[in-house]
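# Residue-level structure breakdown
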Amino acid sequence: MTDMNKEAISVLNDLIETCKDGQEGFKTCAEDIKHPELKTLFVQRSADCATAAAELQAQVRSLGGDPETSTSVAGDLHRRWVDVKSMFTGKDEEAVLNEAERGEDHALKAYREAIEKINKHNLVGIRDLVERQYHGVQRNHDQVKALRNQARANS
């Protein structure tokens, strides 16, 4: 396996962890919220993250690597914190949306770092996939932020 493939696999596996965190995080948000439209949105976002992870895992396999299959320790801790916090805040929409936005901030940062590594190491074979997923994360972030601002204005 080439050094370039090893570097690409490392970048992709980091993003798989991020996607798995998002999948579980949105699932937690869906469980924690009563509002039916938001529940549907979070279930869909969880599925989108699962699809993104599967795409990345397939790319890792095609490069000859072993794809990551689990969430990160930081993501696990964040979800536990969300669960504890939501017990005290009554799982209101704004609080859950705040945490969803924080998760999306983390995902955006992970994708930006991945794109920097791709550019630094000239990993052109994975650039299109990662950039396409990055734009999806950006759209998700903007939608969650808009919903959070709306919930804040209504409270």
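Structure: see above.
All of these numbers come straight from a predicted model, not from anything done at the bench.

### Some points on the pattern of salt bridges
On inspection of all chains with the given rule, the structure shows eight salt bridges. With a shortest N-O distance of 3.8 Å, aspartate 14 and lysine 117 are connected by a salt bridge. Pair noted here: aspartate 14 is in helix H1 (residues 3-32) and lysine 117 is in helix H4 (residues 93-120), with a separation of 103 residues, a long-range link. The salt bridge partner of glutamate 113 is lysine 109, with a shortest N-O separation of 3.1 Å. Of this pair, glutamate 113 and lysine 109 both sit in helix H4, separated by four residues, roughly a single helical turn. For lysine 109, a relative accessible area of 48% gives the class partly exposed.

### Quick look at the environment of arginine 127
Looking at where arginine 127 falls in the secondary structure, it is placed in helix H5 (residues 124-154). Residue classification places arginine 127 among the partly exposed residues on the basis of a relative accessible area of 22%. With residues up to four places along the chain from it excluded, the contact list for arginine 127 reads Ile118, Asn119 and Asn122.

### What to know about the side chain of asparagine 13
Along the chain, the position of asparagine 13 falls in helix H1. Overall, asparagine 13 belongs to the buried group, its relative accessible area being 14%. Residues contacting asparagine 13, with those up to four places away along its chain left out, are Val60, Asp66, Pro67 and Glu68.

### Some thoughts on the environment of isoleucine 16
With respect to the element layout, isoleucine 16 can be found in helix H1. Residue classification places isoleucine 16 among the buried residues on the basis of a relative accessible area of 0%. Distance in space between the C-alpha atoms of isoleucine 16 and leucine 56 is 6.3 Å, their sequence separation being 40 residues. Residue contacts for isoleucine 16: discarding those within four places in its chain leaves Ala53, Leu56, Gln57, Val60, Pro67 and Glu68.

### Concerning helix H2 (residues 36-62)
Between its first and last C-alpha, H2 extends 39 Å over 27 residues, near the 39 Å set by a 1.5 Å rise per residue. All buried positions along H2 are accounted for by Leu38, Leu41, Phe42, Arg45, Ser46, Cys49, Ala52, Ala53, Leu56, Gln57 and Val60. Looking at the buried positions of H2, the neighbouring elements they touch are H1, H4 and H5.

Reading the values: rules and limits
Residues numbered from 1 in each chain as written. Predicted model: local features only at pLDDT ≥ 70, side-chain atom pairs only at ≥ 80, totals over all residues. Heavy atoms only, no water. Salt bridge = Lys/Arg side-chain N within 4 Å of Asp/Glu carboxyl O. Helix = DSSP H or I, 4+ residues; strand = E, 2+ residues; numbered from the N terminus. Buried < 20%, exposed > 50% of the residue type's maximum accessible area, 1.4 Å probe, protein only. Contact = heavy atoms within 4.5 Å. Expected span 1.5 Å × (residues − 1).

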